Amino acid sequence: MRIDALNQVSQLYQTSKPKKVLKNKENDTSDKFEISQSAKDYQTAKAAVKTSSDIREDKVAELKEAVTSGAYNVSAAEIADKMIGKYFDSIF
């Protein structure tokens, strides 16, 4: 029997004391995230849309004035064209 091989095997199975790990600030890692520029732009645009009104006051005022003065006139042919156009747009 080879004694040197037996010594190597016994060294493998010997228990060792746990090593203490010193915590350095250099080794201290924490999770970080960074928002991309396109995401920041998206957030800015979303905030601008959220603060804006859904109603275009200038168009509403213009149409109110046209209705009250009697100048607002839509022909039946224009209405029919719009209805048919929307119908065919939804099919195709």
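Please read all numbers here as calculations on a predicted model, not as lab measurements. (Residues numbered from 1 in each chain as written. Predicted model: local features only at pLDDT ≥ 70, side-chain atom pairs only at ≥ 80, totals over all residues. Heavy atoms only, no water.)

## Here's the deal with the overall build of the chain
Spelled out, the test is: Helix and strand labels come from DSSP, where a helix needs a run of H or I of at least four residues and a strand needs a run of E of at least two; each type is numbered from the N terminus. Relative accessibility under 20% of the residue-type maximum defines a buried residue, over 50% an exposed one, and the middle range a partly exposed one, all with a 1.4 Å probe and only protein chains included. Note that accessible areas follow from Shrake-Rupley with a 1.4 Å probe, and for residues the cover is restricted to the protein chains shown.
Helices and strands together make up the secondary structure of the chain, namely four helices and zero strands. Counting across all 92 residues of the chain, residues that qualify as buried make up 1%. For the chain, the computed accessible surface area is about 10,000 Å², with 56% contributed by carbon and sulfur atoms.

## Focus on the packing of aromatic side chains
For the record, the criterion: In summary, the pairing rule links any two rings of Phe, Tyr or Trp, Trp by its six-membered ring, whose centres are within 6.5 Å, and it sorts them by plane angle into stacked for under 30 degrees, edge-to-face for over 60 and tilted for everything else.
Overall, the coordinates contain one aromatic pair when judged by the stated rule. With 5.4 Å between their ring centres and 70° between their planes, Tyr-87 and Phe-88 make a pair best called edge-to-face.

## Quick notes on a nonpolar patch on the surface
Under the convention used in this document: For patches, a residue must show more than 30% relative accessible area and have no salt bridge; joins then use 9 Å for like charges and 5 Å for nonpolar side chains, namely Val, Leu, Ile, Met, Phe, Trp and Tyr. Salt bridges, as used here, are contacts in which a Lys or Arg side-chain nitrogen is within 4 Å of a carboxyl oxygen on Asp or Glu.
There is a patch of nonpolar side chains on the surface, built from Leu-63, Val-67, Tyr-72, Val-74, Ile-79 and Met-83 and spanning about 580 Å² of accessible area. Broken down by secondary-structure element, the contributors of at least two residues to the nonpolar patch are helix 3 (57-69) and helix 4 (76-91). Note that Met-83 resides in helix 4.

## Examining the confidence of the model for the chain
Which entries qualify depends on this criterion: Looking at any residue, its pLDDT shows the predictor's confidence there, from 0 to 100.
The predicted model of the chain has a mean per-residue pLDDT of 82, with 73% of residues at 70 or higher. Here helix 1 (residues 3-12) stands out as the element of the chain with the lowest mean pLDDT, 67, in contrast to helix 3, whose mean of 93 is the highest.

## Here we look at a negative patch on the surface
As a reminder of what qualifies: When charges are tallied, Lys and Arg are placed among the positive residues and Asp and Glu among the negative ones, while His and the ends of the chain are skipped. To locate a charge, take atom NZ for lysine, CZ for arginine, CG for aspartate or CD for glutamate.
Together, Glu-57, Asp-58, Glu-62 and Glu-65 make up a negatively charged patch on the protein surface. Within the secondary structure layout, Glu-65 lies in helix 3.

## Things to note about helix 3
The condition is simple: Helix span, expected: 1.5 Å multiplied by one less than the number of residues in the helix.
In a regular helix each residue adds 1.5 Å, so 13 residues correspond to 18 Å; helix 3 covers 18 Å between its end C-alpha atoms and thus fits that length. A small share of helix 3 lies buried, amounting to one of its 13 residues.

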